Amino acid sequence: MSPVHPREAATHTETPPVVRLADYEPPRYLVERVSLGISLHPRETRVHSRLDIRPNPAAGPEAGPLALDGERLVLHAVTLDGQPLGPGQYSLTDERLVIHEPPSRPFTLEIETSCDPDANTELSGLYRSNGVYCTQCEAEGFRRITYYIDRPDVLATFTTRIEAAAADAPVLLSNGNPVEAGALDDGRHYAVWHDPFPKPSYLFALVAGDLAQVEDRFITASGREVSLRIYVEPGKEDRCGWAMDSLKRAMRWDEEAFGREYDLDVFMIVAVPDFNMGAMENKGLNVFNDKYILARPDTATDADYAHIESIIAHEYFHNWTGNRVTCRDWFQLCLKEGLTVFRDQEFTIATRSGTAKRIADVRLLRNQQFPEDAGPLAHPVRPSQYMEINNFYTATVYEKGAEIVRMMRNLIGADAFRRGMDLYFDRHDGQAATVEQFLACMEEASGRNLQQFMTWYEQAGTPHVTIATRFEPAAGRLSIQAAQVTPPTPGQGDKQPLLIPLAFGLVGAGGRDLPLQGATAGAEAGVLELAEPQQSWTFKGLDERPVLSVNRGFSAPVRVKTDLSDADWLFLMGHDPDEFNRWEAGQIYAKRLLIALAQACIEGRRLWDAPDYAEALRRSLRDQSLTPALQAELLTLPSEADLASEIGRNVEPVAIHAARQHLGGFIGRTLGEDLREAYEQGDVPGPYSPDPDSAGRRSLRAAALTLLAAGDPASGAALALGQFEAGRNMTEIFSALAVLARLDRPEREHALAAFYDRAADDHLLVDKWLSLHALGPFPSTPHRVRALMDHSAFSLRKPNKVRALIGTFAGSNPVAFNDRSGEGYQLLADVLLALDPINPQVAARLAGNFKSWRMLEPQRQALAGREIARVQAAPALSRDLTEIISMIAK
Ligand code: TRP
Ligand code: ZN
């Protein structure tokens, strides 16, 4: 048969179809075994696939036609049990190969196709990154390699034979254990890999190229030896140490905390420069964006080291939560992602500073997830429909998903949770599971009915909890009244009450928790379980007025409003026995103040100072019981994004920025001496180490520098420039640059140019350099960013470059992105239109930066709306961008 070519990518004149959870049906056919023979070539890679298929008994007696997914493939041949199929026996479209009448017994299908790795700019399926062949199959990339039943509930064992030119690709990798390898004619060679664990196609991976290897080993709890290998671009071997160290600690921790051991003879990680996301948990062969592997003190910051550690852990933990137990369908994505984020968070809490990690995660949730939940992209942690699944790898699924698991653990207790996890692994190993099945394990292990809790997965939007307290001194009685409301979200007008566990304490004047003597059952344990729209609790035997400290440790992902006074917040900031809530009290105080200041800016009123707040910060700087990391968090004002989402409507980004600058400046001047001392103390001597104490001291130094520069830009710039020039590691250098980049001063240009000179041949440092330009809160920044798009270092084909420059500009610089000229919106729209044909996944994600446009004041809203409409009206948008932009435009 002659090869059948795919038509050009379909252009979508109508809206792409919607996939619904309610329409789920089990697969009609199952695949038992997959044998792949892949002969690599940059422009025409040949794939021979042999599939052992059988009708799925669960799909009923008549399995019917067999539909295989496939995109951008050239079909050369199909045979069934060795017999070539003729044109009448199958049909072919852009998206599918359908075998009309397969047998009703097990059979073998062989398919020969080819694909073009070099033409693959979407970075989904098989592509080349800097000359290295690699794959990305989650969520639906395997269908760009061969025709297959490309859905997560079809699990098969894979044997993969890879063939390539030995000179181009001396290293040939796939999932599982190595079986054999050898030389072939014409300078080619081959390797065979076998993965004995049944897996869905999204976990398939192949890597081939000229890569250097760093090797170590790990002995599992039961005494098996595992070979650990990290593959990187030759010459980068000296930047793999931290990743390897993190991996070994993560492997040990999963054994200790969850009783989970690794299960293959080798565990491999490959670092590539071109990647759509952070990393991917392919069975036995994780593929990483190289910015989350490569680290050396002179190239990576403390933040980079922390990201590497947690992403290494995250992908490793997927081996059990995601791979051994996978998802039945993509609606269950949070089953692996929320749970695995929870596990990586717990790993970091256990191995680094606990409160600081919790604060970082809550900041992330507030900056990213709360705005998502409050805008046009709001969706439940388990969505009920999508157009393009890649658009649902969101802060809601990941971070709110993790918060739900955390709430559940806290509700049923750590022991029951661990038993529930054991049961889940036991019962569902080798299966594709659902959220309901996960909850059923937790119910069985704890004996608690979690039916109402399920609503957390199904209902979008951040609940608002309002709390009022009343103390009757004569009776020694405190009553607490709480009410919950979840505002409507698109397509979900009516909201159910949720089960909201609010950890709390009653703090006495001495700064200790008063004993809880409840007149209401259940609250003595320190948790108010709010399950109704309104509820109240009473406590008695109190001989002084307590201050309520609630939602301790951020026990529920909600917005809380309490009736505490400014004095109460300052008191909790200094005295709450719950460290997290000391930070939270400071944030709440600062938010109230900053919102009032921003309003005064808008009305042209004079701004005022906040000596009480500054003094409270001074006390915390002098409080020896606090770690430097926590002091740094206390000194860091709520972000502009957090403030905007708290204000919620008629947002004026310049006023928010001005208010924050004003307060920061006042604190910088008022705390001058103390800040300078903290700054000096943060100059950690000796060789760089990423340990939590050293990193904490450096972060206090950075927070102090930020405030000092706000207090006096001239001396702050000089101090920062000195730090940049003397910097002994990238953390010092970058924190100085981050301050300079936001100052409209000559030192800024000087330092950025000097940084480029040392960054130019290191692609990860160039990303940092690009992002620094994008951070300037100036009206000239949109122009700057546009000019940098023509720089030789920038390319729309490289997601890291796009994220560093455009992502930073649109996502981390509210002042410049929302410039009243509208140039920021125009810039983003132009980039979306240019990027969409190249890489729709990255374009759609970038488009998310328009998500809060309806919160803006009317003039900016009009300017943003025009650009959103311009994108929406463009012809031939991808399914990815169509979905996001039309949700935003609604
Ligand atoms: N499953 C990956 C993780 O969370 C992320 C992921 C999803 C991904 N889709 C992707 C990575 C596409 C790269 C490309 O660990
Ligand atoms: Zn993940």
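Residues numbered from 1 in each chain as written. Chains lettered and ligands numbered in written order. Predicted model: local features only at pLDDT ≥ 70, side-chain atom pairs only at ≥ 80, totals over all residues. Heavy atoms only, no water.

Once that is clear, we can look at the overall build of the chain. What the chain contains, in helices and strands, is 27 helices and 31 strands. Radius of gyration (C-alpha) of the chain: 28 Å, near the 29 Å computed for a compact globule of 890 residues. Once the C-alpha set of the chain is aligned to its principal axes, its extents read approximately 90 × 65 × 60 Å. Looking at the chain as a whole, 60% of its 890 residues are labelled buried. For the chain, long-range pairs separated by at least 24 residues make up 71% of all intrachain contacts whose partners lie at least 6 apart in sequence. (Helix = DSSP H or I, 4+ residues; strand = E, 2+ residues; numbered from the N terminus. Rg over C-alpha atoms; globule rule 2.2 N^0.38 Å. Buried < 20%, exposed > 50% of the residue type's maximum accessible area, 1.4 Å probe, protein only. Contact = heavy atoms within 4.5 Å.)

Next up on the list: the pairing of strand β28 (residues 527-530). With burial as the criterion, only one face of β28 is covered, namely that bearing L528 and L530; the residues V527 and E529 on the opposite face remain uncovered. Judged from the 4 bridges that link them, strand β27 (residues 500-507) and β28 form a sheet pairing that is antiparallel. Bridge pairing in β28 links P501 to E529. (Pairing = 2+ DSSP bridges.)

By the definition in use, this model includes 0 disulfides. As a non-bridged cysteine, C137 has C134 as the owner of its nearest cysteine sulfur, 10 Å distant. C327 forms no disulfide, and the closest cysteine sulfur to it belongs to C334, at a distance of 7.8 Å. By relative accessible area, which is 0% here, C327 ends up buried. (Disulfide = S-S within 2.5 Å.)

Below, the discussion takes up the coordination of the zinc ion (ligand 2). Protein ligation of the zinc ion (ligand 2) involves H314 (NE2), H318 (NE2) and E337 (OE), the donor distances falling in the range 1.9 to 2.1 Å. When the donors of the zinc ion (ligand 2) are listed by position in the chain, the intervening gaps give H-x3-H-x18-E. Exposure class is identical for H314 and H318. Each is buried. (Donors = N, O, S within 2.8 Å, 3.2 Å for Na, K, Ca; no water.)

What follows is about the pairing of β27. Note on strand geometry: in a regular strand, side chains alternate between the two faces of the sheet. For β27, the buried fraction is high: 8 of the 8 residues fall into the buried class. Here β27 shows no split at all, with I500, L502, F504 and L506 on one side and P501, A503, G505 and V507 on the other all buried. Bridge count between β27 and strand β30 (residues 547-550): 4 bridges; the pairing is antiparallel. Looking at β30, one finds that F504 is bridged to V550.

What follows covers helix α5 (residues 395-412). Over its 18 residues, α5 extends 25 Å from the first C-alpha to the last, a length consistent with the 26 Å expected when each residue adds 1.5 Å. α5 sits mainly inside the fold: 17 of its 18 residues count as buried. (Expected span 1.5 Å × (residues − 1).)

This paragraph deals with the pattern of salt bridges. Proximity of charged atoms lets side chains of opposite charge pair with each other. Tallying each qualifying case throughout the model produces 79 salt bridges. Across the pair D304 and K768 runs a salt bridge, and its minimum N-O distance is 2.7 Å. Of this pair, D304 sits in helix α2 (residues 302-317) while K768 sits in helix α20 (residues 763-774), and the two are 464 residues apart along the sequence. Note on K768: relative accessible area 12%, which makes it buried. (Salt bridge = Lys/Arg side-chain N within 4 Å of Asp/Glu carboxyl O.)

This brings us to unusual backbone geometry. Note: most residues except glycine have negative phi, and most peptide bonds are trans. Put simply, E138 and A139 share a cis peptide bond, and its omega is -5°. Along the polypeptide, A139 turns up in the loop between β11 (132-136) and β12 (156-165). Residues other than glycine seldom take positive phi values, yet F554 does so here, at roughly 55°. Its place among the elements puts F554 in the loop between β30 and β31 (559-562).

Tracing the chain through its elements places T135 in strand β11. Note on T135: relative accessible area 1%, which makes it buried. Polar side-chain contacts of T135 include one of 3.0 Å to the backbone nitrogen of L206. (Polar contact = N/O pair within 3.5 Å; in protein donor to acceptor, adjacent residues only side chain to side chain.)

Here we come to the packing of aromatic side chains. If you walk through the whole model with that rule in mind, you get 33 aromatic pairs. Measuring from ring centre to ring centre gives 5.8 Å for W253 and F347, while their planes differ by 65°; the resulting arrangement is edge-to-face. With W253 in helix α1 (residues 241-258) and F347 in helix α3 (residues 333-351), this residue pair connects regions lying 94 residues apart in the sequence. Taking the centre distance of 6.3 Å and the plane angle of 45° together, the rings of Y386 and F392 count as tilted. (Phe/Tyr/Trp six-rings, centres within 6.5 Å; stacked < 30°, edge-to-face > 60°.)

Taken together, 8 strands build an open sheet; the order of strands is β6-β5-β9-β3-β2-β12-β15-β14 and the sheet is mixed. The two strands at the open ends of the sheet, each matched to only one other strand, are β6 (83-84) and β14 (177-183). Across 6 bridges, the pairing between β14 and strand β15 (residues 188-199) is antiparallel. Looking at β15, one finds that A183 is bridged to H189.

Pairing is mixed in the open sheet, where 5 strands are placed in the order β17-β18-β19-β21-β20. With one partner strand each, in any of the chains shown, β17 (212-219) and β20 (279-280) form the two edges of the open sheet. One ladder, built from 8 bridges, connects β17 with strand β18 (residues 225-232); its direction is antiparallel. Within β18, the position partnered with V214 by the bridge is I230. Along the sheet face, α1 touches β17, β18 and β19 (266-272) and points at about 25° away from the line of β17. (Axes fitted to C-alpha atoms, helices over the stretch in contact; angles between N-to-C directions.)

Once that is clear, we can look at the site of ligand 1. In the vicinity of ligand 1 there are 14 residues, among which E138, E281, E315, E337 and Y398 approach most closely. Contacts to ligand 1 include E138, whose side-chain N or O atom sits 2.6 Å from a nitrogen atom. A distance of 3.5 Å is found between an oxygen atom of ligand 1 and a backbone nitrogen or oxygen belonging to A279. Against a free-state accessible area of 370 Å², the protein chains account for coverage of 97% of ligand 1. Elements with a contribution of two residues or more to the shell around ligand 1: β20, α2 and α3. Classifying every residue of the shell around ligand 1 gives 6 nonpolar, 3 polar and 5 charged. (Near = heavy atom within 4 Å. Areas by Shrake-Rupley, 256 points an atom, 1.4 Å probe, with all protein chains shown as cover. Nonpolar A, V, L, I, M, F, W, Y, C, P; charged D, E, K, R; others polar.)

This part is about helix α4 (residues 354-373). Over its 20 residues, α4 runs 26 Å from end to end, which matches the ideal 28 Å to within 8%, given 1.5 Å per residue. Of all the bends found along α4, the most pronounced is centred on R366 and spans about 35°. For α4, the buried fraction is high: 15 of the 20 residues fall into the buried class. (Bend = angle between axes of the 7 residues up to and from the residue.)

For the rest of this paragraph, the subject is the packing of helix α25 (residues 840-847) against helix α27 (residues 879-889). The interhelical angle for the contact between α25 and α27, taken along N-to-C directions, is 10°, at an axis separation of 8 Å. Taken together, the axes of α25 and α27 lie roughly parallel to each other. Contacts between α25 and α27 pair P840, Q841, A843, A844 and A847 from the former with D880, L881, I884, I885 and I888 from the latter. Here the residues of the contact of α25 with α27 sort into 8 nonpolar, 1 polar and 1 charged. (Parallel < 35°, antiparallel > 145°, perpendicular 65-115°, else oblique.)

Moving on, we get to the nonpolar core. In this structure, L68, I99, I293, F453, Y457 and F539 are the most contacted members of the largest nonpolar core, which totals 168 residues. For this core, the leading source of residues is α5, giving 9 residues. Beyond its immediate sequence surroundings of up to four residues, I293 is in contact with I230, V232, R239, A243, I269, A271, F288, I308 and I312. One finds L740, L743, L846 and I868 within the second-largest nonpolar core, a separate group that totals 119 residues. (Core = buried A, V, L, I, M, F, W, Y, C linked by side-chain atoms within 4.5 Å.)

In this model, the chain carries an average pLDDT of 97, and 98% of its residues clear a pLDDT of 70 or more. A low-confidence stretch, residues 6-12 (pLDDT under 50), is modelled with 11 contacts involving residues beyond four sequence positions or located in other chains. (pLDDT = per-residue confidence, 0-100.)

With that settled, consider the side chain of S201. With respect to the element layout, S201 can be found in the loop between β15 and β16 (206-209). In this structure the side chain of S201 is engaged in a polar contact, spanning 2.6 Å, whose partner is the side chain of D150. If we ignore the near neighbours within four places in the chain, the residues touching S201 are C137, F142, Y148, I149, D150, R151, V154 and F158.

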